[in-house]
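An overview of the molecular structure
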Amino acid sequence: MSVVITTYNQPGPLELVLWGYAAQTVPPHEVIVADDGSGAETRALVDRLRRETGLPLVHVWHADRGFRKTEILNRAIVASTGDYLLFTDGDCIPRRDLVEVHLREADWGHFLSGGYLKLPESVTRAITVEDVREGRAADAGWLRSRGWQPGRHALRLTGSARLAGVMDRLTPTAPTWNGHNASGWKEDIVAVNGYDLDMEYGGLDRALGERLENHGVRGLQIRFRAPVLHLHHERPYADPAKVKRNREFRGHIRREGIVRSPRGLAELEPASELLVIR
């Protein structure tokens, strides 16, 4: 498995996330930081954690020319060497068994739709590297002691694998390709031409999943078996007009049964300001 983590100028959360992958029960083959133009602080962090964690870290970076998440994701796919790819964000701390569960549940002809829990700002600020390394950050009791009030969402951090499996079968929520926690076979992702270069923030991940479905690759729900913890942050890049445009584009994908993105992996152009550091 290659884990692909997107980031943009959030070195603090990214450090917690990378330590989360260093503490996995089953280590990933490689971890790729898909960096949409962060500054020098992020590069220094990745270089340091490559030494400190022992993770096989790959830093894929291009210059900051606005929101180009789909492009850096496609370049990370090109750089990946794993047969199976897990996609997540640089503000989502994995539970210690996340990689293990995704690998165990991986199945030909399917992609996996994992879950997430949003943490409030106060709890986000309380989490340290040591909490992540020791697994406390994904413990419901520990999070409650720090002020987390999850209500029914606490079930997503159940310690019972059997209960989590039952909840995944019973949940009415459809499996979707989510940027925070989804995985699939690299050959399937390449077959649908990866992420669409013309899509900006808002539904760009779902669109990939919808094209996978049109290709005959069905989603499987593992939101209770494979959760991540989403750290609090603002979204200054959110634009309602672009979200609306993406929603209309996704409707076109579903209506027309589109499989291949018209501008995706195959249409990537050579980039003079691209770095791939292993």
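The sections below set out a description of the structure shown in this document. (Residues numbered from 1 in each chain as written. Predicted model: local features only at pLDDT ≥ 70, side-chain atom pairs only at ≥ 80, totals over all residues. Heavy atoms only, no water.)

1. A closer look at the pattern of salt bridges
Tallied over the entire structure, the rule returns 19 salt bridges. With a closest N to O distance of 3.4 Å, glutamate 105 and arginine 225 form a salt bridge. Here glutamate 105 is found in helix H4 (residues 98–105), whereas its partner arginine 225 is found in strand S8 (residues 218–230), with 120 residues between them in sequence. Overlapping salt bridges, with partners in common, bring together Arg104, Glu105, Asp168 and Arg225 in one network. (Salt bridge = Lys/Arg side-chain N within 4 Å of Asp/Glu carboxyl O. Helix = DSSP H or I, 4+ residues; strand = E, 2+ residues; numbered from the N terminus.)

2. Examining unusual backbone geometry
Positioned with a positive phi, asparagine 9 is a non-glycine residue whose angle comes to about 50°. Here asparagine 9 is to be found in the loop between strand S1 (2–7) and helix H1 (11–22). Taking the relative accessible area as the measure of exposure, asparagine 9 reaches 39% and is therefore partly exposed. Of note, the phi angle at asparagine 193 is positive, near 70°, even though the residue is not glycine. (Buried < 20%, exposed > 50% of the residue type's maximum accessible area, 1.4 Å probe, protein only.)

3. What about the environment of leucine 231?
Structurally, leucine 231 is set in the loop between S8 and helix H11 (240–256). Overall, the relative accessible area of 2% leaves leucine 231 in the buried class. Placed 40 residues apart in sequence, leucine 231 and alanine 271 show a C-alpha to C-alpha distance of 32 Å. Each residue touching leucine 231, except ones within four places of it in the same chain, is listed here: Pro13, Leu16, Asp91, Ile93, Leu119, Thr124 and Ile127. (Contact = heavy atoms within 4.5 Å.)

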